[in-house]
Amino acid sequence: MEAVKIVPIKPEEAVTGRANFDTERVFSVLPEEIRTRGLRIELPLLQRLPHILREGENFYALLIREEEKYLLADLQRERPERALGIAVDIGSTTIAFYIYDFIAAKVLKEYSIYNPQIEFGEDILTRLHFAKKRENLFRLREKTLLAINQEIERFGGEKGVYFVALCGNTAMTHFILGLPVNYLIMEPYVAVARGFPLFKGEELGLKIHPSGRVFVFPLAGTYFGGDLIAGLYEIELYKRDEVSFYIDVGTNAEVVLGNRDFLLACAGAAGPALEGGIFECGLQARPGAIESFRVDERTLRLHYETIEGERPIGFCGSAVIQLIAELFLHSWITPEGKFNLDRISPRHRLYEVNGERALELVPKEETASKEAIYLKEGEIKSFLRSKGAMFTILRLLCEKVGLSFEEIRHFYVAGSFGNHIDVRSAVLLGMLPEEALHKTIGLGNSAGKGALKFLKRADFEEVKKITEQITYLELNIEGRFMELLTGALIIPHVNLELFPWVKNLLEEKKRCIRP
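These remarks concern the structure in this document. Small disclaimer: the values here were computed from a predicted structure and weren't measured.

**Focus on the sheet that holds strand β21 (residues 440–444)**
Paired through their backbone hydrogen bonds, the strands of a sheet run either parallel or antiparallel.
Line of reasoning, step 1. Taken in spatial order, the six strands line up as β21-β20-β11-β12-β13-β22 in an open sheet, and their pairing is mixed. Pairing within the sheet leaves two strands with one partner each, and these edge strands are β21 and β22 (470–472). Within this sheet the neighbouring strands show an average axis-to-axis angle of 25°, counted without direction.
Line of reasoning, step 2. Bridging between strand β11 (residues 244–249) and strand β20 (residues 411–414) involves four bridges; their strand directions are parallel. Within β20, the position partnered with Asp 248 by the bridge is Ala 414.
Line of reasoning, step 3. Contacts from helix α8 (residues 226–235) reach β11, β12 (253–258), β20, β21 and β22 within the one sheet, and its direction differs from that of β11 by about 140°.

Here it is, written out as structure tokens:
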């Protein structure tokens, strides 16, 4: 059943000589499913109930699904035009909203806004350190609540929104609930709680109906937040016979391998590099950000495309993998990530930036800021550590359960990273195994879709079971991870036999350029 249900009812008449109770007059005419689970009515409605029932014969009961029972949130004479639920995915950069009408049983709108927390730090770690002071935590929380409430009020607020399903990573969940974050950033990295009760809107400071409820997706660990649980809930990996990967790249690279029998998970600090966060000329996706690169075979010049076709201001994460793959494929960089001085096109100059060698990608004459866009050699090395970590996580998880990549059914890739990843380039660099070429499925915002799905189904027990089914693999104490990582730090890998397609591609490329 949906999180909110509207049921037309005609309460029985009160008759002299019976044990008459207004609550039982309502309860007796509700569907059997609701009567079986039980019904709660809170004091504010109890105080109005006698008067409401004597205003007519036919009513519409607005019921909210709770974990154990149903809550009678309101009783109205007229059929409401709409009763809304809002799914909210709080990301580090954006906050996504899905507006759902329980009466029409359809999504009215989905969109996102920038997360105003960016004011307190571009990255989550900066925000976490800022929020160690209680007053700063509440400043950050109030800023976020203000932004969310502005959107809620656009759709009726206290008069029209009855349920909110909210997810976010562990840090975002702590921020929005006002939970101390001091121990998230020091060993042994402890979160406050795994799961949370169903909150009233007023408890969280959300301006929804006074009887409205807020479901916050539970956490699976310090590095596995409610967004990951919501994503797994959306794709139902835990119900499938075949074994697949679920990959979500954000602040960290979070990976789950599993099916109906097991869910094995781990996280690595690959996210910032794969999203462009370690590059001086990297930035978040917005108009003017370069989203793709390619080397023109004829002119040997880098061509690029920007978001909305505006003059370039930097490059975003979706361009990073493609850029470095293009540079490697054309021998502008070595397998170790160093610039190949003999092969770089003379159309692109090399120079020093703060004492470090850099390749000019876009000359200053072409940029919006009139400053060149470049890539530093050290940034490539950092990227290779991240891409190596990603491949090693995938390989290690397969090892742990005795599977090969050939036995993996799908590679589900979530988030904007999944929408924009160039799988061919990722395989060429050795970030994903070659099996991913034909098995990768981009999911988009699976976390937000999972929160929306909860509005439609309110599967409290199912969500709880997901967190209980996950087994977390701690990389910090996993010696095998470092053993495998060493070979993955070059392009594509020390062992080229793991990448036969890439090996053949490189050999063909050499034949084409041989004098």
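**Considering the nonpolar core**
Line of reasoning, step 1. In this structure, Phe 245, Ile 247, Phe 315, Leu 361, Leu 397 and Leu 432 are the most contacted members of the largest nonpolar core, which totals 75 residues.
Line of reasoning, step 2. Residue contributions to this core peak at eleven residues, all from helix α11 (residues 377–401).
Line of reasoning, step 3. Setting aside chain neighbours within four positions, we find Leu 432 in contact with Ile 247, Phe 391, Leu 394, Ile 421, Ala 426, Val 427 and Phe 499.
Line of reasoning, step 4. Residues Phe 102, Tyr 238, Val 256 and Leu 455 belong to the second largest nonpolar core, which totals 49 residues.

**Some remarks on the pattern of salt bridges**
Line of reasoning, step 1. The tally for this structure, following the rule as stated, stands at 27 salt bridges.
Line of reasoning, step 2. Between Arg 213 and Glu 66 there is a salt bridge, and its shortest N-O distance comes to 3.5 Å. Taken together, the residues span a long stretch of sequence, with Arg 213 in strand β10 (residues 213–216) and Glu 66 in the loop between β3 (59–65) and β4 (70–76) at a distance of 147 residues.
Line of reasoning, step 3. Overall, Arg 213 belongs to the buried group, its relative accessible area being 3%.
Line of reasoning, step 4. Given the relative accessible area of 10%, Glu 66 is considered buried.
Line of reasoning, step 5. Residues Lys 239 and Glu 236 are paired through a salt bridge, measuring 3.5 Å at the closest nitrogen-oxygen approach.
Line of reasoning, step 6. Each of Arg 40, Glu 42, Glu 66, Lys 200 and Arg 213 takes part in a single network of salt bridges with overlapping partners.

**Here we look at the environment of Glu 497**
Line of reasoning, step 1. On the secondary structure map, Glu 497 appears in the loop between α16 (479–487) and α17 (500–513).
Line of reasoning, step 2. Taking the C-alpha atoms as reference points, Glu 497 and Leu 327, 170 residues apart in sequence, are found 22 Å from one another.
Line of reasoning, step 3. Among the polar contacts made by the side chain of Glu 497, one reaches the side chain of Lys 503 at a distance of 2.8 Å.

**Quick notes on the layout of surface pockets**
Line of reasoning, step 1. There is about 310 Å³ of room inside the second largest pocket.
Line of reasoning, step 2. Around the second largest pocket sit 19 residues that line it, and Phe 328, Ser 331, Pro 335, Leu 506 and Lys 510 are the ones nearest its centre.
Line of reasoning, step 3. The greatest single-element share of the lining of the second largest pocket, amounting to six residues, is contributed by α17.

**Quick notes on the pairing of strand β14 (residues 289–295)**
Line of reasoning, step 1. Counted residue by residue, β14 has five buried out of seven residues, so it is predominantly covered.
Line of reasoning, step 2. Pairing analysis gives two bridges linking β14 to strand β16 (residues 314–315), with the strands arranged parallel. Residue pairing across strands places Ile 290 opposite Phe 315, the latter belonging to β16.
Line of reasoning, step 3. Pairing geometry for β14 and strand β15 (residues 302–306), over five bridges, is antiparallel. Within β15, the position partnered with Phe 293 by the bridge is Tyr 304.
Line of reasoning, step 4. Taken together, β14 and the strand that follows it, β15, pair antiparallel across an intervening segment of six residues, in which Leu 300 is found at a positive phi of about 55°.

**Thoughts on the environment of Arg 65**
Line of reasoning, step 1. Within the secondary structure layout, Arg 65 lies in strand β3.
Line of reasoning, step 2. Sequence-wise, Arg 65 and Arg 457 are 392 residues apart; in three dimensions their C-alpha atoms are separated by 9.4 Å.
Line of reasoning, step 3. Contacts of Arg 65, omitting those with residues within four sequence positions, involve Met 1, Glu 2, Ala 3, Arg 37, Tyr 70, Phe 163, Leu 198, Arg 457, Ala 458 and Phe 460.

**Some words on unusual backbone geometry**
Glycine aside, residues mostly have negative phi angles, and peptide bonds mostly take the trans form.
Line of reasoning, step 1. Here the residue pair Glu 187 and Pro 188 is connected by a cis peptide bond, since its omega of 5° sits within 30 degrees of zero.
Line of reasoning, step 2. The residue Pro 188 is located in the loop between α6 (170–177) and β9 (199–200) in this model.
Line of reasoning, step 3. For the peptide bond that leads from Ile 491 to Pro 492, omega is -15°, which places it in the cis range.
Line of reasoning, step 4. Despite not being glycine, Ser 331 shows a phi value in the positive range, around 65°.
Line of reasoning, step 5. In this structure, Ser 331 sits in the loop between α10 (317–329) and β17 (350–353).
Line of reasoning, step 6. The exposure class assigned to Ser 331 is partly exposed, which follows from its relative accessible area of 21%.
Line of reasoning, step 7. Phi is positive for Ala 458, close to 50°, though the residue is something other than glycine.

The rules behind the values
- Residues numbered from 1 in each chain as written.
- Predicted model: local features only at pLDDT ≥ 70, side-chain atom pairs only at ≥ 80, totals over all residues.
- Heavy atoms only, no water.
- Pairing = 2+ DSSP bridges.
- Helix = DSSP H or I, 4+ residues; strand = E, 2+ residues; numbered from the N terminus.
- Axes fitted to C-alpha atoms, helices over the stretch in contact; angles between N-to-C directions.
- Contact = heavy atoms within 4.5 Å.
- Core = buried A, V, L, I, M, F, W, Y, C linked by side-chain atoms within 4.5 Å.
- Buried < 20%, exposed > 50% of the residue type's maximum accessible area, 1.4 Å probe, protein only.
- Salt bridge = Lys/Arg side-chain N within 4 Å of Asp/Glu carboxyl O.
- Polar contact = N/O pair within 3.5 Å; in protein donor to acceptor, adjacent residues only side chain to side chain.
- 1 Å grid on protein atoms, 1.4 Å probe; cavity = no way out; pocket = protein on both sides within 12 Å on 5 of 7 lines; lining within 4 Å.
- Points joined across faces, edges and corners; volume = space filled by probe spheres on them.

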